[in-house]
Amino acid sequence: MLKGEENLQLLDQPRRIVITTHHKPDGDALGSSLGLYHWLKKQGHTVSVILSSDFPTFLDWMPGREDVIFYPKHPDAGQTLFDQAEIIFCLDYSALSRTNILEAVIRDAKGQKWMIDHHLDPEDFADFVYWDSNAAATAQLVYTFLTEVLPHEEPIDADIATCLYAGIMTDTGSFRFRSTTSAVHHIIASLIDAGARNWEIHEHIYNSSTEKRLKFLGYCLLNCLEVIPDYNTAVFAVSKEDLTQFDITTGDTEGLVNYALSIKGIRLAALIVDRTELIKLSLRSVGEIPCNEICRKYFNGGGHLNASGGSSSDDLSTVVNKFKSILPEYKELLTT
Ligand code: 5GP
Ligand code: MN
């Protein structure tokens, strides 16, 4: 979907721009934001990336990360930038609520809102929308936005390519998911040609674990994983104490849920974590099992068909039991 194309002419002159993405940014959220940041700066715009929270340490190498403004740490300076912004990019989210404390700030800001995203059910708040739920990553859409949608000639340099490569790599599970089309591989090839050092990015993201994090993985596999063979489902339930014992911080549970899905025959996997203020759920599935419907109906969340998230204010065991009680509703999809 392309909406509000007439607004693109705003970029013909230098503008004050703020880039936002969802709370607790993942690789695609940060990679899209910083990739676009570098491009817009080279075009002469005044650009800030403003986040509602920190990002995982495995992303703490991305070019431009030191320029990111954390709104909770600098609310006044952040607010001024939002007040002055002529364009606010909304990347990798389709509902303003995903920006947590920035929701009202963005909604009330006077500048135009430009959404680039691949999540389902986009909320109608943006003046410009470049949206495709079939895209493998928002970083893929940022790439085509820069190279196909915008008329401006500004080559993709090594920093932009590195950020966008990281976004596509993380959102496709290293080019494994169904969304990894030949078009994605063509874009990846261009990003490597533009200077993305694929092996180095892989090292940064996948070989940067701490000893504690690796031992936490072993602990969870041994102690927190329950397989429910009747429903081809596997669930990790991780308590507050488990997190404290291993010093687990933002991003350290990323990817854990995929281990449950890697068991032969498992079609639905859940990671249910007690984050103190809330219980957070991550669901992954194969085929037609609708993680997003489950999260939307039962856990105040949503996402993609095969990868979704949600939350609950109940306690951990209540949420685990609720999740299990939902399985009969999906028995046919889970077992045939
Ligand atoms: P994860 O399990 O990695 O946290 O999230 C997987 C996907 O689910 C995200 O890319 C996002 O699309 C979606 N998601 C995660 N948490 C939430 C949530 O609380 N609400 C909504 N609507 N979507 C979520
Ligand atoms: Mn994404």
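Everything that follows concerns the structure shown earlier in this document.
This report concerns the structure included in the present document. If you're wondering where the values come from, they're calculated on a predicted model, not measured in any experiment. (Residues numbered from 1 in each chain as written. Chains lettered and ligands numbered in written order. Predicted model: local features only at pLDDT ≥ 70, side-chain atom pairs only at ≥ 80, totals over all residues. Heavy atoms only, no water.)

Description of the sheet that holds strand S1 (residues 2-3)
- One open sheet accounts for seven strands, arranged S1-S7-S6-S5-S2-S3-S4; its pairing is mixed. Since the sheet does not close on itself, it has two edges, and those belong to S1 and strand S4 (69-70), each with one partner.
- Bridge count for strand S6 (residues 112-117) against strand S7 (residues 128-131) is four bridges, and the pairing is parallel. Each bridged residue has a counterpart across the sheet, and for methionine 115 the counterpart in S7 is valine 129.
- Along the sheet face, helix H1 (residues 27-42) touches strand S2 (16-21), strand S3 (46-51) and strand S5 (87-91) and points at about 170° away from the line of S2. (Pairing = 2+ DSSP bridges. Helix = DSSP H or I, 4+ residues; strand = E, 2+ residues; numbered from the N terminus. Contact = heavy atoms within 4.5 Å. Axes fitted to C-alpha atoms, helices over the stretch in contact; angles between N-to-C directions.)

Quick look at the packing of aromatic side chains
- Evaluated as defined, the whole model comprises 11 aromatic pairs.
- Relative to phenylalanine 145, the ring of phenylalanine 89 has its centre 6.2 Å away and its plane inclined at 75°; by these criteria the two rings are edge-to-face. Residue phenylalanine 89 is found in strand S5, and its partner phenylalanine 145 is found in helix H4 (residues 138-149); the two are separated by 56 residues along the sequence. Both residues of the pair, phenylalanine 89 and phenylalanine 145, count as buried. (Phe/Tyr/Trp six-rings, centres within 6.5 Å; stacked < 30°, edge-to-face > 60°. Buried < 20%, exposed > 50% of the residue type's maximum accessible area, 1.4 Å probe, protein only.)

Things to note about the site of ligand 1
- Inspection of the region around ligand 1 gives 13 residues, with His119, Lys280, Ser282, Arg284 and Gly302 positioned closest.
- Taking lysine 280, its side chain carries an N or O atom lying 2.9 Å from a nitrogen atom of ligand 1.
- Contact between ligand 1 and arginine 284: an oxygen atom at 2.9 Å from a side-chain N or O atom of the residue.
- Its free accessible area being 490 Å², ligand 1 has 75% of it covered by the protein chains.
- When residues of the shell around ligand 1 are traced back to their parent elements, those giving at least two are strand S11 (279-285), strand S12 (302-303) and strand S13 (307-312).
- No other element matches the four residues that S13 contributes to the shell around ligand 1.
- Tallied by class, residues from the shell around ligand 1 come to one nonpolar, nine polar and three charged. (Near = heavy atom within 4 Å. Polar contact = N/O pair within 3.5 Å; in protein donor to acceptor, adjacent residues only side chain to side chain. Areas by Shrake-Rupley, 256 points an atom, 1.4 Å probe, with all protein chains shown as cover. Nonpolar A, V, L, I, M, F, W, Y, C, P; charged D, E, K, R; others polar.)

Notes on the side chain of aspartate 274
- Within the fold, aspartate 274 resides in strand S10 (residues 268-274).
- Although aspartate 274 lies buried, it forms no salt bridge, and the closest oppositely charged side chain, lysine 240, sits 4.2 Å away as judged by the N-O distance.
- Polar side-chain contacts of aspartate 274 include one of 2.9 Å to the backbone nitrogen of threonine 276.
- Those residues within four positions of aspartate 274 in sequence are excluded, and the remaining contacts are Val238, Ser239, Lys240, Leu243, Ile279 and Leu316. (Lys, Arg positive; Asp, Glu negative; His and termini not counted. Salt bridge = Lys/Arg side-chain N within 4 Å of Asp/Glu carboxyl O.)

A closer look at the sheet that holds S13
- In space, the six strands of this open sheet follow the order S8-S9-S10-S11-S13-S12, with mixed pairing throughout. A single partner strand is all that each edge strand has here, and the edge strands are strand S8 (225-228) and S12.
- Looking at chain direction, S8 and strand S9 (residues 233-238) are connected through four bridges and run antiparallel. Within S9, the residue paired with leucine 225 across the bridge is phenylalanine 236.
- Sitting on the sheet, helix H8 (residues 211-223) touches S8 and S9, and the angle it makes with S9 is about 120°.

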